[in-house]
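Each chain is listed here by its residues.
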Amino acid sequence: MSLWLWPSALVIGVVLGLFGAGGGMITVPVLIYLADMPVKEAIAMSLWVVAIVSLTALIQQRVWRNLQAKLLVTFGVTGVLGSVIGSLLAVHIDEDIQLILFALLIFLVTWWLSRVELSDRVSVFRFIPASVTGLIIGLITGVLGVGGGFLLVPALIYLGVGHFPIAVTHSLVLITLNATAGGITYLKTVEFSLPLALIISIIAALGTVLGTYLLRKLPSVQLQRAFSMMLIIIGGFMLLRTGLDFGNH
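One structure accompanies this document, and this report is about it. (Residues numbered from 1 in each chain as written. Predicted model: local features only at pLDDT ≥ 70, side-chain atom pairs only at ≥ 80, totals over all residues. Heavy atoms only, no water.)

Some details on the overall build of the protein
Here's step 1: A count of helical and extended segments in the protein gives 10 helices and zero strands.
Here's step 2: Residues classed as buried in the protein amount to 56% of the 249 residues present.
Here's step 3: For the protein, the accessible surface area stands at approximately 11000 Å², while carbon and sulfur atoms represent 71% of it. (Helix = DSSP H or I, 4+ residues; strand = E, 2+ residues; numbered from the N terminus. Buried < 20%, exposed > 50% of the residue type's maximum accessible area, 1.4 Å probe, protein only. Areas by Shrake-Rupley, 256 points an atom, 1.4 Å probe, with all protein chains shown as cover.)

Things to note about the side chain of Thr74
Here's step 1: Among the structural elements, Thr74 can be located in helix H4 (residues 69-90).
Here's step 2: Polar contacts involving the side chain of Thr74 include one to the main-chain carbonyl oxygen of Lys70, which spans 2.8 Å. (Polar contact = N/O pair within 3.5 Å; in protein donor to acceptor, adjacent residues only side chain to side chain.)

Some remarks on the environment of Val50
Here's step 1: Mapping Val50 onto the fold places it in helix H3 (residues 39-60).
Here's step 2: On the basis of relative accessible area, Val50 is assigned to the buried category, the value being 2%.

Focus: the nonpolar core
Here's step 1: Membership of the largest hydrophobic core comes to 70 residues, with the highest contact counts inside it found for Met45, Phe75 and Ile200.
Here's step 2: For this core, the element with the highest residue contribution is H3, accounting for 13 residues.
Here's step 3: In this structure, Met45 is in contact with Leu31, Met37, Phe192, Ser193, Leu196, Ala197 and Ile200, ignoring residues within four places of it in sequence. (Core = buried A, V, L, I, M, F, W, Y, C linked by side-chain atoms within 4.5 Å. Contact = heavy atoms within 4.5 Å.)

Quick notes on helix H6 (residues 127-144)
Here's step 1: With 18 residues, H6 extends 26 Å from end C-alpha to end C-alpha; this agrees with the ideal 26 Å at 1.5 Å per step.
Here's step 2: Every buried residue of H6 is accounted for by Ala130, Ser131, Gly134, Ile137, Gly138, Ile140, Thr141, Gly142, Val143 and Leu144. (Expected span 1.5 Å × (residues − 1).)

Here it is in structure tokens:
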């Protein structure tokens, strides 16, 4: 186990507090490459870490002041359903395939987010697009062990939450629900160290304090650009490592 695991745990919290996303994208690679965990064990633990840290961040940000109830409930119900189904399916998916899907999905979201313009408008609630999007993101959460925030934030922007910080607050609530549902499902199929998960979660929770502070201070456009850059770096790293692993087989 690398000593870099502990500062990396702090970064997980900063990223989640700042972007309402990215915690799972960092947590899974950190657990695989710095804690020497198998992919499925890392995914299962990641869900619990992300759920705990997201809950901490949403409490700090007092998210209940800016929530759109209809959108949140629709995303929450369909997302939890999708997360449970995805967690059950993930047991039967090859680990290398999971990693490749993980990286490719990151690049797809990065490309899409670069084409979206932020605004302060909030469009009319649309039930069917919200339901389908919530279900798909929930499935991805269960299969890949991410909270889904890097999908939730762009999806919320698409559905009308045009203000980046408000999209982040909605994302944190939904991440907590989806990751908890997926984590509970994984308890039946994958064993991992609960004490280690708790320690990482506590360190990451401290990082959310800094992330929340930066969220209040930085302009939305700069946050969106930083978010996209983070996705490119993580996706590239995942593809590189997966390619190297294939070459060594």
